[in-house]
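Examining the three-dimensional arrangement
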Amino acid sequence: MIRLLFLLCLFWAAPAAAQVGAPVETGHATTRLIAARQGGAPGETIDLAVYQRLDPGWHVYWQNPGDSGLPLSLDWSLPDGFEASEPLYPLPHRLSLGTLVNYGHEDEAVFVVPLSLAEDAEPGRTVPLSVEASWLICSDICIPESATLTLDLPITDAPAPPERRYGGLIEEARAVHRPAGSIAARYADDGTGPVLILPPDLEAPEFFPYEANLVEPAGRHEVTDGDGETRIALDPGFAYLDAPPESLDGLLVTGSDDRRVGTPISAARTGEALSVAPPALTSDVSARRGRTPGLGAILMLAFLGGLVLNVMPCVFPIVFLKASQLARAAQADRTALRREAGLYTAGVLVSFAVMAGLLFALRAGGAAVGWGFHLQNPVVIGLFAVLIFLIGLNLLGAFEVGTSVQGRGQSLAERGGDLGAFFTGVLAVLVAAPCIGPFLGVPVGVALTQPAALGVSVFLAIGLGLALPYLLISLLPGLARSLPRPGPWMTTLRQLFAFAMFATLVWLAWVLSVQAGPNGVLTLGIALVLAGLAGWAFGRGQAVGGRAFRIVAAAALLLAIVPIVRLSAADAAPRSSEAGSVLDAAPYDEAVLSSLRERGTPVFVDFTAAWCVTCQVNKQTVLNRDAVVAAFEASGTRYMVADWTVPDPVITAALERQGRSGVPLYLYYAPGADAPRILPQMLSVNGVVAVLEGRES
Amino acid sequence: MKRIAATLSAASLLAGAATAAPRVGQPAPDFSARTAEGQTVSLSDYEGKKVVLEWTNNECPFVKKHYDSGNMQALQRRATADGTVWLSVISSAPGKQGHVSGDRATELSAERKAAPTAILLDEDGEVGQLYAAKTTPHMFVIDETGTLRYAGAIDTIPSADIDDIPRAENYVSAALASLRNDQRVVTTQTQPYGCSVKY
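Conventions adopted
- Residues numbered from 1 in each chain as written.
- Chains lettered and ligands numbered in written order.
- Predicted model: local features only at pLDDT ≥ 70, side-chain atom pairs only at ≥ 80, totals over all residues.
- Heavy atoms only, no water.
- UniProt positions renumbered as here; feature names shortened; annotations may be inferred.
- Helix = DSSP H or I, 4+ residues; strand = E, 2+ residues; numbered from the N terminus.
- Buried < 20%, exposed > 50% of the residue type's maximum accessible area, 1.4 Å probe, protein only.
- Contact = heavy atoms within 4.5 Å.
- Areas by Shrake-Rupley, 256 points an atom, 1.4 Å probe, with all protein chains shown as cover.
- Phe/Tyr/Trp six-rings, centres within 6.5 Å; stacked < 30°, edge-to-face > 60°.
- Lys NZ or Arg CZ within 6 Å of the ring centre and 35° of its normal.
- Salt bridge = Lys/Arg side-chain N within 4 Å of Asp/Glu carboxyl O.
- Polar contact = N/O pair within 3.5 Å; in protein donor to acceptor, adjacent residues only side chain to side chain.
- Nonpolar A, V, L, I, M, F, W, Y, C, P; charged D, E, K, R; others polar.
- pLDDT = per-residue confidence, 0-100.
- Disulfide = S-S within 2.5 Å.
- Pairing = 2+ DSSP bridges.
- Axes fitted to C-alpha atoms, helices over the stretch in contact; angles between N-to-C directions.
- Patch = residues over 30% accessible without salt bridge, like charges linked within 9 Å, V, L, I, M, F, W, Y side chains within 5 Å.
- Expected span 1.5 Å × (residues − 1).
- Lys, Arg positive; Asp, Glu negative; His and termini not counted.
- Charge placed at Lys NZ, Arg CZ, Asp CG, Glu CD.

Looking at an unreviewed UniProt entry, one finds chain B named Peroxiredoxin, with Parvularcula dongshanensis as its source organism.

Looking up chain A in an unreviewed UniProt entry gives the name Thiol:disulfide interchange protein DsbD, with the organism given as Parvularcula dongshanensis. Word for word, the UniProt comment on chain A under Subcellular location (unreviewed entry) is "Membrane".

Shown next as structure tokens:
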């Protein structure tokens, strides 16, 4: 204690100038190096600062200087073990120079630099700190200035008291910075540029992006407050136009005069549609009608769309599976049939609700995802493939599901029926629903812009539509009676359906090859062999009993699944799903698209994905046909492919501008037309040729 | 709060017109301007030739960096030697730094041994606004078809220090070399550095 007092006395006695470097006068600024405290203890971090007083009318620059200018540059010379961090800049101001805007500082600027002291610094000594500082200082003209700034820092035993003359300045400079993340922020594009979406009631908010070229400094900075949020609309810089960033990071300054504070924000990109999009970009059906269809109409469309989904190519694998289950159930009484259909419906509805909920949660978190996002993930595709393969083996009779080992002679329908029916419903949604069929484009697009509860009800309406045929069969006695009588043909049919599963497997393997490359397919192949072993062992266990078979089955299944979970899109061969196209395909590029449109070249944009069966059917049966290819050539129409097989925020945003949230989507830009024409989800050769030849407006 | 928002939007509306910068890959906007010799030239006069636009202000330290070192003159000579048209544009308004008469502009070129094809006197800032020129220097490279192929800084090191020139990579000569060899321009747009254009 006495020693501490003694030390304190020593410091009071020490000349105060020791912690304040000599001022250096350059043409238009006086600059010095200062410290927040009278000294520093070994291993501790203390704040230094470059402190500038500027001539009236002159300014220096923030870390992103805006349209012109340069930030402060510091080149430190420090003793061994000492380290200076990047400077914390003062809060910037928007400085207008004619038509340009800079981000900078006037009058006085304190650049705080945290300094960590060496562990082995010797208390009682004084260490010399030195920095070569250079900066650009401008009024209407600009002058580069530089200075060597020095400071002698006493090393102390314990943390030293604040420096009396300038310590307060550093404290103030720090106090105006609020912790990062204390203001929630996201951004969306309104068709002109990024719009920050912030909490309501901010006082005089100003946004300063950390990175140059994302935002045009002299562009719009329109602040609107209302509807429980504050928006700041900005103009895009060239880097933004090239590729909108996943998150727009910068400093949000709020308050006025000497009550300004700065909060670092990280605004994640969202795909939400903003109401102020320019008319050229909103061309979906609802916009053309001049208003969004009512909720009733949307729910009706969703229900109809769900019903029609049953005959879409997407759902083929499930139709076969469902048919085989119905065939089994038909052998039993009507109660069992009703139970079967009810459980299937429950499976469909539960998984629609879960998927929609997940989708809304992800979007609320700022992820740019659309309907069917899970199929963009190779892990999901791999797990589906294993599952479909096991179902195929099950149909072939390699093993039974839900049957006790002994087999107590239950009816076929009861055996494993409950679980099977429910999961067929789940599978139907997972595999089939992401393909957006007729009638569904508008409801799904609208659902995603609605509050979550309304959105989920739209998806539930689709689910009811999807399950309707099976519900009808079970509820209407006439229909159920018309099902064929059971017999040995049922087993034959069931085994034949296994090959539909294997066909589905081939498709999934192809999707995976696009998403994860040859190594992904290899991983899947090995997984299938192991899964096959598991299925066989499980079946043997059922036939002859014995724990060993079950253990082998469980182990093999685990070994099959683990490598799949580690699949990644990293090995993907880019855009290789275009390979199957006869037409000369250009990848989707909005800059190219707009220049083609300016030149009056007609453009056909194909929003597709390898996992979208409807898309592939359209490609094979319509787009690759000679008549269509000839019409493309004759009309000089460019064919652009927006491949959504793996996540792509640009394509997600483009889909959303058309009020859609999934593929397929076909757009035709006629020469000179303001807005694209949206073609139906199921293409026809005659329809496409008519559009290309301009016979149909 | 409302008032500040309104002021900001009003300011941005005024500025908005000037910030619709031409995009790389798009046709470079055509313009007509008076040269230091008193002729009127248009960008369209040079169709079929590569054109470099250089925004300049002889008193700006960043311009001095590239002229005092001879860097800009060497670039001009290399470019014009293979038929590229080099236009130095002065957008300083009367009374502002860098504003010069036609005679003085010609004299400056002789003193500094500069070799542009022509110097454009853009004292009303029309060409500058058309290209959203922000700094001196701010460089633009246009190909034979009139398409803008590069816009931005002259080189990779934003400073006013002559010693940085040998260490920096020059974006303009890289773009011209790519065009000469029928290759894609690698870096197409960068943040320009220098003094603000004195509109």
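**Thoughts on the overall build of chain B**
Scanning chain B for helices and strands turns up 6 helices and 9 strands. Buried residues in chain B amount to 57% of all 199 residues. Once local pairs closer than 6 in sequence are excluded, the contacts in chain B between residues at least 24 apart make up 73%. With an accessible surface of roughly 8600 Å², chain B has 51% of that area assigned to carbon and sulfur atoms.

**Notes on the packing of aromatic side chains**
Applying the stated rule across the entire model yields 25 aromatic pairs over all chains. Look at Phe-632 of chain A and Tyr-639 of chain A: their rings are 5.7 Å apart centre to centre, the planes differ by 75°, and that puts the pair in the edge-to-face class. Just as Phe-632 of chain A is buried, Tyr-639 of chain A falls in that class too. Here a set of aromatic residues connected by ring pairs shows up, and it is made of Trp-62, Tyr-103, Phe-208 and Tyr-210 of chain A. Lying over the aromatic face of Tyr-67 of chain B, Arg-112 of chain B brings its terminal NZ or CZ to 4.0 Å of the ring centre.

**So, the interface of chain B and chain A**
Listed by partner, the interface residues are 32 residues for chain B and 38 residues for chain A. For the interface between chain B and chain A, the tally reads 3 salt bridges. Taken together, chain B and chain A are joined by 7 residue pairs in polar contact (both at pLDDT 80 or more). Where the side of chain B that touches chain A is concerned, the elements lending two or more residues are helix H1 (2–16), helix H2 (61–68) and strand E9 (195–196) of chain B. Considering only residue class, the side of chain B that touches chain A consists of 15 nonpolar, 14 polar and 3 charged.

**Considerations on the side chain of Lys-65 of chain B**
Secondary-structure assignment places Lys-65 of chain B in helix H2. Here Ser-159 of chain B takes part through its backbone oxygen, which lies 2.8 Å from a polar atom of the side chain of Lys-65 of chain B.

**Some thoughts on the confidence of the model for chain B**
Residues and elements named next belong to chain B. Here chain B shows a mean pLDDT of 88. Residues at 70 or above account for 90%. The low-confidence segment residues 1–19, where pLDDT is below 50, has 25 contacts with residues more than four positions distant or belonging to other chains. Note on the complex model: pTM 0.51, ipTM 0.78.

**Observations regarding the state of the cysteines**
Residue and element names in this part refer to chain A. For the structure shown, the criterion picks out 2 disulfides over all chains. A disulfide bridge connects Cys-138 with Cys-142, and the sulfur atoms are separated by 2.3 Å. Because the torsion about its S-S bond is 110°, the bridge between Cys-138 and Cys-142 counts as right-handed. Each member of the pair Cys-138 and Cys-142 is classed as buried.

**Remarks on the pattern of salt bridges**
A full pass over the atoms with the stated rule returns 19 salt bridges over all chains. Between Glu-144 of chain B and Lys-50 of chain B there is a salt bridge; the shortest N-O distance is 3.3 Å. Highlighted residues: Glu-144 of chain B in the loop between strand E7 (139–142) and strand E8 (148–152) and Lys-50 of chain B in the loop between strand E2 (40–42) and strand E3 (51–55), separated in sequence by 94 residues. Taking the shortest distance from any N to any O, the salt bridge between Asp-143 of chain B and Arg-149 of chain B comes out at 2.6 Å. According to the relative accessible area criterion, Asp-143 of chain B is buried, its value standing at 6%. Put simply, Asp-67 and Glu-216 of chain A together with Lys-134 of chain B are held in one network by salt bridges that share partners.

**Thoughts on the sheet that holds strand E21 (residues 638–643) of chain A**
Residue and element names in this part refer to chain A. With mixed pairing, 5 strands are arranged side by side in an open sheet as E19-E21-E20-E22-E23. The open sheet terminates on both sides in strands that have one partner only, identified here as strand E19 (585–587) and strand E23 (677–679). Pairs of neighbouring strands in the sheet enclose a mean axial angle of 30°, with direction left out of account. Inspection of the sheet shows strand E22 (residues 665–669) paired to E23 by 3 bridges, in the antiparallel sense. Bridge pairing in E23 links Tyr-666 to Leu-679. This element, helix H15 (residues 590–598), spans strand E20 (603–608), E21 and E22 of the sheet and lies at about 155° to E21. The strands touched by helix H19 (residues 685–692) within the sheet are E20, E22 and E23, with E23 carrying the most contacts at an inclination of about 165°.

**Points about a nonpolar patch on the surface**
All names here are of chain A. On the surface, a cluster of nonpolar side chains totalling about 270 Å² of accessible area is made up of Leu-383, Leu-557, Ile-561 and Val-565. With 3 residues, helix H14 (residues 547–565) is the largest single contributor of residues to the nonpolar patch. Note on placement: Val-565 falls in helix H14.

**Regarding helix H8 (residues 378–396) of chain A**
Residues and elements named next belong to chain A. Taking 1.5 Å of rise per residue, 19 residues should cover 27 Å, and H8 covers 27 Å from first to last C-alpha, within 8% of that figure. One side-chain oxygen at the N-terminal end of H8 lies 2.9 Å from the backbone nitrogen of Val-379; it belongs to Asn-377. Looking one or two residues past H8, Gly-397 carries a phi angle of roughly 100°, positive in sign.

**A few points about the sheet that holds strand E5 (residues 118–121) of chain B**
Strand pairing in a sheet takes place through backbone hydrogen bonds and is either antiparallel or parallel in direction. Residues and elements named next belong to chain B. Taken in spatial order, the 7 strands make up an open sheet running E2-E1-E5-E4-E3-E7-E8, and their pairing is mixed. At either margin of the open sheet sits one strand with a lone partner, and together these are E2 and E8. Neighbouring strand axes in the sheet, compared pairwise and without regard to direction, differ in orientation by 30° on average. Where strand E1 (residues 32–35) and E2 come together, 3 bridges link them in antiparallel fashion.

**A closer look at a negative patch on the surface**
All names here are of chain A. A cluster of acidic residues, Asp-80, Glu-119, Asp-120 and Glu-122, forms a negative patch at the surface. Topologically, Asp-80 is positioned in the loop between strand E5 (73–77) and strand E6 (83–84). Judged by relative accessible area, Asp-80 falls into the exposed class, the value being 73%.

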